[in-house]
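Reading the structure
Each chain, letter by letter, is given below.
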Amino acid sequence: MGTPWRPYVSFNIWSQFAPSVGQEHWHCDMKRGFARARKKEPLVKALLEQDTTPQHIGLLAQKAVYEFHQDIELLQPSNGVERMAEILQLSKEPSEVQQRVIQILQNYYKNPILAGKNIIKLSRGDEGIPEPILIRNGNYFFNLFAAIDCIFVDLDGKLHILDFKTGKSDFDRRQAFVYLLAATYLYPQQKAVASFYNLETNKWSDRITATDAQLNAIQIELVRIAEQHQKELRRYKENPSNFAQIFPANPGFNCRNCQFNSICKFSVSEVSA
């Protein structure tokens, strides 16, 4: 007997439902509609398979951290950055990608924040969809997907869940809470903290913790999102012509960097100041 299908949710889906504080003006529900409801359509699927420049830089940065710690000697020689650039094949990348990733490599070479730590998980970044975590909330069962970048053991014995960032976006504490909730299922006997580290700016967030009450509230919110997500997918499946009503567009400056702007009829190429 195969694994039964269950509703599912992730921080990524949560962020597509509700933007982080201060990012409301960029939020577009139609983007979620393309990514979730129409993801199997050939044109949409082709766009989803192409990383945006920020996504590609993030993946290369994550891979670099992984490779540095697969061969820790790369952090020793004077040409460690150049050797990592060869491993990542940066010479084949566009100029913007090369410049930003080289800066990331130089930053990490000078300050390898994971060096000497007891690392129990370090993701390469391209492993695909993680194994689902089965969560029960009363009589409701759902799968939680949590793509955790890194887990190491702090000096006080607590698990430290670390998420790597690139670019200029602020840290979204909701992601940390989702990971802390995941940790209670994956490592029920251990206390955990979470934090973010920006590989481009060398900025480290504060250590984030959560009480049992806070994690219970996060779990209830995830149940609500999982239910709403399935409800909207069903509405679209039953009546695809209502796509724009189910997933309303928010045309504007955000269209310039949207991966679906070439197929979205609401996309605007220029916006008056």
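Residues numbered from 1 in each chain as written. Predicted model: local features only at pLDDT ≥ 70, side-chain atom pairs only at ≥ 80, totals over all residues. Heavy atoms only, no water.

1. Focus on the packing of helix 4 (residues 53–70) against helix 5 (residues 80–87)
Across the interface, helix 4 lies against helix 5 with an axial gap of 11 Å and an inter-helix angle of 115°. The crossing of helix 4 and helix 5 is right-handed. Contact residues: helix 4 offers A64, E67 and F68, while helix 5 offers G80, M84 and I87. Classifying every residue of the contact of helix 4 with helix 5 by side-chain character gives four nonpolar, one polar and one charged. (Axes fitted to C-alpha atoms, helices over the stretch in contact; angles between N-to-C directions. Helix = DSSP H or I, 4+ residues; strand = E, 2+ residues; numbered from the N terminus. Left-handed = near helix turned anticlockwise from the far one by under 90°. Contact = heavy atoms within 4.5 Å. Nonpolar A, V, L, I, M, F, W, Y, C, P; charged D, E, K, R; others polar.)

2. Observations concerning the nonpolar core
Soluble globular proteins tend to bury their nonpolar side chains together. One finds V9, F142, L144, I161, V178 and L222 to be the most contacted residues of the largest nonpolar core, which totals 34 residues. Elements represented by at least two residues in this core include exactly strand 1 (8–10), helix 1 (11–17), strand 3 (133–137), strand 4 (140–145), strand 6 (159–165), helix 7 (173–186), strand 7 (192–198) and helix 8 (212–238). Top contributing element to this core by residue count: helix 7, with eight residues. In this view, I161 contacts I148, C150, I151, Y179, L180, A183, V193, A194 and S195; residues no more than four positions away in its chain are not counted. Core analysis: the next-biggest nonpolar cluster, separate from the first, contains 28 residues, A61, Y66, A85 and F152 among them. (Core = buried A, V, L, I, M, F, W, Y, C linked by side-chain atoms within 4.5 Å. Buried < 20%, exposed > 50% of the residue type's maximum accessible area, 1.4 Å probe, protein only.)

3. Topic: the pairing of strand 5 (residues 150–153)
In this structure, strand 2 (residues 118–122) lies alongside strand 5, joined through four bridges in antiparallel fashion. Across the sheet, L122 pairs through a bridge with C150, a residue of strand 5. Note that strand 5 and strand 6 share four bridges and pair antiparallel. When the bridges of strand 6 are listed, C150 appears paired with L162. In textbook terms, the turn of a hairpin is the stretch between consecutive antiparallel strands, and for strand 5 and strand 6 this stretch comprises five residues, one of which, G157, has a positive phi near 90°. (Pairing = 2+ DSSP bridges.)

4. So, the state of the cysteines
Each disulfide consists of one covalent bond between the sulfur atoms belonging to two cysteines. With the rule as written, the count across this model stands at zero disulfides. With no disulfide of its own, C264 has C255 as its nearest cysteine by sulfur position, at a separation of 6.3 Å. The exposure class of C264 is buried, given its relative accessible area of 16%. (Disulfide = S-S within 2.5 Å.)

5. Quick notes on the packing of helix 2 (residues 29–37) against helix 8
Where helix 2 meets helix 8, the axes come as close as 11 Å, and the angle between the chain directions of the two elements is 80°. When the interaxial angle is binned, helix 2 and helix 8 end up roughly perpendicular. Contact residues: helix 2 offers R32, R36 and A37, while helix 8 offers H229, E232, L233 and Y236. Here the residues of the contact of helix 2 with helix 8 are counted per class, giving three nonpolar, one polar and three charged. (Parallel < 35°, antiparallel > 145°, perpendicular 65-115°, else oblique.)

6. Details of the sheet that holds strand 5
Pairing in this open sheet of four strands is mixed, and the strands run 2-5-6-7 from one edge to the other. Only two strands of the sheet have a single partner each, and these edge strands are strand 2 and strand 7. Strand-to-strand twist in this sheet, taken as the mean axis angle between neighbours without regard to direction, amounts to 25°. Where helix 4 meets the sheet, its contacts fall on strand 2 and strand 6, and the angle it forms with strand 2 comes to roughly 135°.

7. Focus on the pattern of salt bridges
Considering all chains together, one arrives at twelve salt bridges under this definition. Between R32 and D29 there is a salt bridge whose closest N-O contact spans 3.1 Å. One end of the pair is R32 and the other is D29, both in helix 2 and three residues apart, which spans about a single turn. The pair R32 / D29 is uniform in exposure class, with both members buried. The salt bridge partner of D154 is R207, with a shortest N-O separation of 2.5 Å. A residue pair is termed long-range when its members are at least 10 positions apart, and D154 in the loop between strand 5 and strand 6 and R207 in the loop between strand 7 and helix 8 qualify at 53 residues. Beyond isolated ion pairs, a larger network of salt bridges with shared partners links D29, R32 and E232. (Salt bridge = Lys/Arg side-chain N within 4 Å of Asp/Glu carboxyl O.)

8. As for the packing of aromatic side chains
Under the counting rule described, the total for this entry stands at eight aromatic pairs. What links up through ring pairs into an aromatic cluster is the set F34, Y236, F243, F247 and F260. Above the plane of the ring of F17 lies R32, whose end atom (NZ or CZ) is 3.8 Å from the centre. Note that R38 overlies the ring of F243, its terminal NZ or CZ placed 4.6 Å from the centroid. (Phe/Tyr/Trp six-rings, centres within 6.5 Å; stacked < 30°, edge-to-face > 60°. Lys NZ or Arg CZ within 6 Å of the ring centre and 35° of its normal.)

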